[in-house]
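# Structural overview for review
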Amino acid sequence: MLPGVGVFGTGSTARVLVPLLKAEGFEVHAVWGKSEEEAGCLAKELGIPFHTSRSDDVLLHQDVDLVCIYIPPSMTRQIAVKALGIGKNVLCEKAATAVDSFKMVTAARYYPQLLSIMGNTLRFLPAFAAMRQLLVERYVGEMQVCDVRVYGPSLLDQAYGWTCEELMGGGGLHTVGSSVIDLLSYLTGERAHRVHGLLRTFVQQNCLIRGIRRVTSDDFCFFQMLMGGTGSRSGGVCCTVTLNFNMPGSFVHEVMVVGSTGRLVARGTELYGQRNGNKSEELLLGDSGWVGPEVKEMTLPHLQGLSSMVKALRESFQAHEERRSWARGPVAMAPTFEDGLYVQTVVEAVKRSSCSGEWECVEIMSQEPDPNHNLCEALQRNKN
């Protein structure tokens, strides 16, 4: 028996997610929006029986057992932690800070019987699932270098909002880079221990965002990661990532892994490979095509990945008769809240590196920092 679903968010992802859920047999019982008008419009458009702007109305809905959270990062932690505490399964997007991510991890550990996964759909894209399997089979030999390029148009909304604010989780690094960081960890089986990065905001105002308001979120980001190894600069896998969202026109999404005996490269939704000694690369997995509606705000890799993730969710819940019970196997590739904490830690290390100009260590927090730490330090200095 599939669980009833409650959706938080009225953006492009929610508009695609709801039809995908319904196509797989899920019943979407409720939707939340930041205003009654927004929630009502989406509910009418997608045939959802209940809408609200009060989060508790969805979380306490008797028919909702799975909560899908696609809202601004600054609000994600509050809803995710509360949903787990009430006994709901949770699928959500990234949080705004590492501290928020840590609180989500703590809640998930309290309720291990509940589903708690991050919504990075790239892990579910067939091209990356195939790439990971080939890497395990040592198609490229010993992994040496990963190179990622993501180019596209501006990520800013039409009006001033969270996407314009770096502190609220806006910007290319947080929005797109976080999924890339998670993907590289999934593909290589390693985690970054040192990073170096550069962030820039080239478009600080435009025809819609002007006056006293300025964009603080990055639209260009370049960073390097040293993954695995023993912590030395020469050990493990070297990764470079370039994100540029000042390029109107076609979207570019390319992930390449180079090893001692060959290379694999995913371009969009297709996978290519070339072994050392071969004159040309071969197509290993073609584009299966997208039969759903086209969404301007979502790229094809994320659309197909989202579709595959929903199918995996159905298989996970379908294996049990109890609506809230689920099987780990079908969603084993999904990132956990612990993965989300790691990703957010890397994001913040890249931001520190951009400010300092130095390589920064990635140190995942093991306990929540004292909120009065800075005050205590100031009082101690005054006493001395």
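Residues numbered from 1 in each chain as written. Predicted model: local features only at pLDDT ≥ 70, side-chain atom pairs only at ≥ 80, totals over all residues. Heavy atoms only, no water.

If you look the protein up in an unreviewed UniProt entry, it shows as Glucose-fructose oxidoreductase domain-containing protein 2 from Pogonophryne albipinna. According to its UniProt record, the protein has this under Subcellular location (unreviewed entry): "Secreted, Extracellular space, Extracellular matrix". For the protein, the Sequence similarities (unreviewed entry) comment in UniProt is given as "Belongs to the Gfo/Idh/MocA family." (UniProt positions renumbered as here; feature names shortened; annotations may be inferred.)

### Quick look at the pattern of salt bridges
As enumerated under the stated definition, the model contains 19 salt bridges in all. Glu254 is the salt-bridge partner of Arg149, the closest N and O atoms lying 3.2 Å from each other. Of the two residues, Arg149 sits in strand E7 (residues 143-151) while Glu254 sits in strand E11 (residues 252-259), which places them 105 residues apart along the sequence. Classification of Arg149 by relative accessible area gives partly exposed; the value is 27%. Take Glu254: its relative accessible area is 13%, and that puts it in the buried class. Residue Arg267 pairs with Glu281 through a salt bridge whose shortest N-O separation is 2.8 Å. Of the two residues, Arg267 is situated in strand E12 (residues 262-267) and Glu281 in the loop between strand E13 (270-275) and strand E14 (282-285); the sequence distance between them amounts to 14 residues. Judged by its relative accessible area of 32%, Arg267 falls in the partly exposed class. Here Glu281 falls in the partly exposed class, since its relative accessible area comes to 26%. (Salt bridge = Lys/Arg side-chain N within 4 Å of Asp/Glu carboxyl O. Helix = DSSP H or I, 4+ residues; strand = E, 2+ residues; numbered from the N terminus. Buried < 20%, exposed > 50% of the residue type's maximum accessible area, 1.4 Å probe, protein only.)

### A short note on the packing of aromatic side chains
Considering all chains together, one arrives at three aromatic pairs under this definition. Aromatic pair Phe8 and Trp32: ring centres 5.8 Å apart, planes at 35°, arrangement tilted. Pair noted here: Phe8 is in strand E1 (residues 4-8) and Trp32 is in strand E2 (residues 27-32), with a separation of 24 residues, a long-range link. Across this residue pair, the class does not change: Phe8 and Trp32 are buried. Taking 6.5 Å as the distance between ring centres and 55° as the angle between the ring planes, the aromatic pair formed by Tyr110 and Tyr111 counts as tilted. The positively charged end of Arg267 is found above the aromatic ring belonging to Tyr272, 5.0 Å away from the centroid. Above the plane of the ring of Tyr139 lies Arg275, whose end atom (NZ or CZ) is 4.0 Å from the centre. (Phe/Tyr/Trp six-rings, centres within 6.5 Å; stacked < 30°, edge-to-face > 60°. Lys NZ or Arg CZ within 6 Å of the ring centre and 35° of its normal.)

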